[in-house]
Amino acid sequence: MDGGRAMVWAASCRMIADHPFTGVGAGNFPICLHDYSGTDVLDFSRLPDANWPQPHNDYLWVFAEKGLPGILAFLAMLTLAAAAARRVLVSAPPVVEGR
């Protein structure tokens, strides 16, 4: 059993579908999650804990709260960080054993 995570992810996807461009607003995930209670997707009576401050998936969380602009900025930040790390690793001098 996943502790309800799959149900909360499904509700997050429904939030994204309902608010794709603007999201539900920063910090509003736990408030809006209860709007999806009682639907076929999220039945809080089946969850061990109904207090979910986030969906425990950063991509879904950012997309649900900040919409398309937010997830694009988040992905751009991750891509730029990975590119910077790659540049540092590629340009690092080789390690010579025995020095």
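Up top you'll find the structure we're talking about.
So, here's what we can say about the structure. Throughout this document, residue positions are counted from 1 along each chain, in the order its sequence is written. Where local features are concerned, this predicted model is filtered to residues with pLDDT of at least 70; where side-chain atom pairs are given and counted, the filter is 80 or more; whole-chain, interface and lining totals use all residues. Only hydrogens and water are set aside; all other atoms, that is, all heavy atoms of the structure, feed into the side-chain values.

**As for the overall build of the protein chain**
Here's step 1: Along the backbone of the protein chain there are three helices and zero strands.
Here's step 2: By the criteria applied, helices consist of DSSP H or I runs no shorter than four residues and strands consist of E runs no shorter than two, each listed in order from the N terminus. Reading the protein chain from its N end, one meets helices and strands in the order α-α-α.
Here's step 3: For every residue, the accessible area (1.4 Å probe, protein chains only) is compared with the maximum for its type, and the residue is labelled buried under 20%, exposed over 50%, or partly exposed between those bounds. Looking at the protein chain as a whole, 28% of its 99 residues are labelled buried.
Here's step 4: Contacts between residues were defined by any pair of non-hydrogen atoms, one from each residue, lying within 4.5 Å. Long-range pairs, those at least 24 residues apart, make up 66% of the contacts in the protein chain between residues at least 6 apart in sequence.
Here's step 5: Accessible areas in this description were obtained via Shrake-Rupley with a 1.4 Å probe; residue shielding takes into account the shown protein chains only. When the accessible surface of the protein chain is split by element, carbon and sulfur atoms take 63% of a total near 6,600 Å².

**With respect to helix 1 (residues 5-18)**
Here's step 1: In this model helix 1 runs 20 Å from its N-terminal to its C-terminal C-alpha over 14 residues, within 8% of the 20 Å that 1.5 Å per residue would give.
Here's step 2: Turning to helix 1, the residues buried within the fold contact helix 2 (29-33) and helix 3 (58-91). By this rule the span expected of a helix is its residue count minus one, scaled by 1.5 Å.

**Regarding a nonpolar patch on the surface**
Here's step 1: The patches reported here contain residues having more than 30% relative accessible area and no salt bridge. Joining distances are 9 Å for like charges and 5 Å for nonpolar side chains (Val, Leu, Ile, Met, Phe, Trp, Tyr). Basic side-chain nitrogens of Lys or Arg form a salt bridge, by our definition, when they fall within 4 Å of a carboxyl oxygen of Asp or Glu. Among the surface-exposed residues, Tyr 59, Leu 75, Met 77 and Leu 78 lie close enough to one another that they form a single nonpolar patch of about 370 Å² accessible area.
Here's step 2: Relative to the assigned elements, Leu 78 resides in helix 3.
Here's step 3: Overall, the relative accessible area of 34% leaves Leu 78 in the partly exposed class.

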